[in-house]
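# Observations on the three-dimensional arrangement
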Amino acid sequence: MDDVSVLYAGRESEDFLARDPSWVTQIKAFAFLRLARRLVAFTQVPPMVIVDFGTGSGMLARSLAAIKSDARVFALDFFSDPPGPMEGADYLPFEKASSLTGTIDLLVCFHVLEHDDNPGRLLDKMIDLLRPGGTAILEVPNIDCVWTPWFGTACANWYAPFHRVHFSRRSLATLLTRHGLEIVDQQNICGPTIAFSLANRLGFKPGAAFFAIGLLFRPVQWLAEKLTRRPSALRIVVRKPAKANAQ
């Protein structure tokens, strides 16, 4: 598809966390604040301009704004309007983000790259936003996850038709290096795969009950992914060359 935005009309897909009850939202908000602190620590200097590329529910952008009140945080997505109150972050639709070109110290892109039929083209848009020497942190589902054989096409990492491309550790690293980015760090991530996969397998929409099951099962999930070295998600930290001719 040349334009995948039609898949997300009305923000009705599970990517926007619209149906979470308050107690689930509170747990996720706490987790996102912890995540935001870890992400900021990867930059060489304290980032003053930050972008959450493909913000979805806006929760990560709000968390980044909360822990970096001295920075300008922008949340980018398809839509003309934000997903809700952004609480310190500025929302921009993708088509109005050109003013940020070459200014971003830190760009985070979580579970977005796999949603486009042309991830290389999408990656170029991210690279254009980064200043020379800027840092990008991307996370995608791992198609080589230990749970994929268990759940098959019901696995959260498959998630058709919304996941248009499926990444392994090798294919993700190859894509990033081909686009002139320096790999700084690679991490195995234990994501919320079980809840979504189990709901799909049983034919239900993910909800609070499955979220609770996922929490209870999480120690087993973490151990299985650790022992097999086949995590549910892949996180990679990259840096744009400091000089344009370094590419």
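Heads up: these notes are all about the structure in this document. (Residues numbered from 1 in each chain as written. Predicted model: local features only at pLDDT ≥ 70, side-chain atom pairs only at ≥ 80, totals over all residues. Heavy atoms only, no water.)

A few words on the overall build of the protein chain. Scanning the protein chain from N- to C-terminus turns up 7 helices and 7 strands. Moving toward the C terminus, one meets the helices and strands of the protein chain in the order α-β-α-β-β-β-α-β-α-α-β-α-α-β. Whereas a compact globule of 247 residues would reach a radius of gyration of roughly 18 Å, the protein chain reaches 17 Å, a difference of no more than 12%. In the protein chain, buried positions account for 49% of the 247 residues. Considering only intrachain contacts with a sequence separation of at least 6, the fraction spanning at least 24 residues in the protein chain is 74%. Carbon and sulfur atoms form 57% of the exposed surface of the protein chain, whose accessible area is close to 12,200 Å². Computed over 27 positive and 24 negative side-chain charges, the inter-centroid distance for the protein chain is 7 Å. (Helix = DSSP H or I, 4+ residues; strand = E, 2+ residues; numbered from the N terminus. Rg over C-alpha atoms; globule rule 2.2 N^0.38 Å. Buried < 20%, exposed > 50% of the residue type's maximum accessible area, 1.4 Å probe, protein only. Contact = heavy atoms within 4.5 Å. Areas by Shrake-Rupley, 256 points an atom, 1.4 Å probe, with all protein chains shown as cover. Lys, Arg positive; Asp, Glu negative; His and termini not counted. Charge placed at Lys NZ, Arg CZ, Asp CG, Glu CD.)

With 7 of 9 residues buried, helix 2 (residues 59-67) lies mostly within the body of the structure. When we look at burial in helix 2, the residues that qualify are Met59, Leu60, Ala61, Arg62, Ser63, Leu64 and Ala65. Of the surrounding secondary structure, the elements contacted by the buried residues of helix 2 are helix 1 (22-40), strand 1 (49-53), strand 2 (72-77), strand 3 (89-93) and strand 4 (104-110).

This part takes up the nonpolar core. In this structure, Phe53, Leu76, Leu107, Leu113, Leu123, Met126 and Leu138 are the most contacted members of the largest nonpolar core, which totals 31 residues. For this core, the elements supplying multiple residues, two or more each, are strand 1, strand 2, strand 4, helix 3 (119-129), strand 5 (130-141), helix 5 (169-178) and strand 7 (233-239). Those residues within four positions of Leu76 in sequence are excluded, and the remaining contacts are Val51, Asp52, Phe53, Gly54, Thr55, Leu92, Phe94, Ala97, Leu100 and Leu129. Formed by 28 residues, the second largest nonpolar core is a distinct cluster that contains Ile50, Ala89, Tyr91 and Val108. (Core = buried A, V, L, I, M, F, W, Y, C linked by side-chain atoms within 4.5 Å.)

Taken together, 7 strands build an open sheet; the order of strands is 3-2-1-4-5-7-6 and the sheet is mixed. Two strands lie at the open edges of the sheet, namely strand 3 and strand 6 (182-189), each paired on one side alone. The mean angle between the axes of side-by-side strands here comes to 20°, regardless of whether they run parallel or antiparallel. Relative to strand 7, strand 6 runs antiparallel, the two being bridged by 7 bridges. Each residue of the ladder has a partner; that of Ile189, found in strand 7, is Ala233. Set on the sheet, helix 1 makes contact with strand 4, strand 5 and strand 7; between it and strand 4 the angle comes to about 135°. Sheet contacts for helix 2: strand 1, strand 2, strand 3 and strand 4; angle to strand 2, the most-contacted strand, approximately 175°. (Pairing = 2+ DSSP bridges. Axes fitted to C-alpha atoms, helices over the stretch in contact; angles between N-to-C directions.)

This paragraph deals with the pairing of strand 2. In terms of burial, strand 2 is a largely internal element, 5 of the 6 residues being buried. When strand 1 meets strand 2, the two strands line up parallel, connected through 5 bridges. Its bridge partner being in strand 2, Phe53 is matched across the sheet by Leu76. Traced from strand 1 through helix 2 to strand 2, the parallel crossover comes out right-handed. (Right-handed = clockwise from strand over helix to strand, strands pointing away.)

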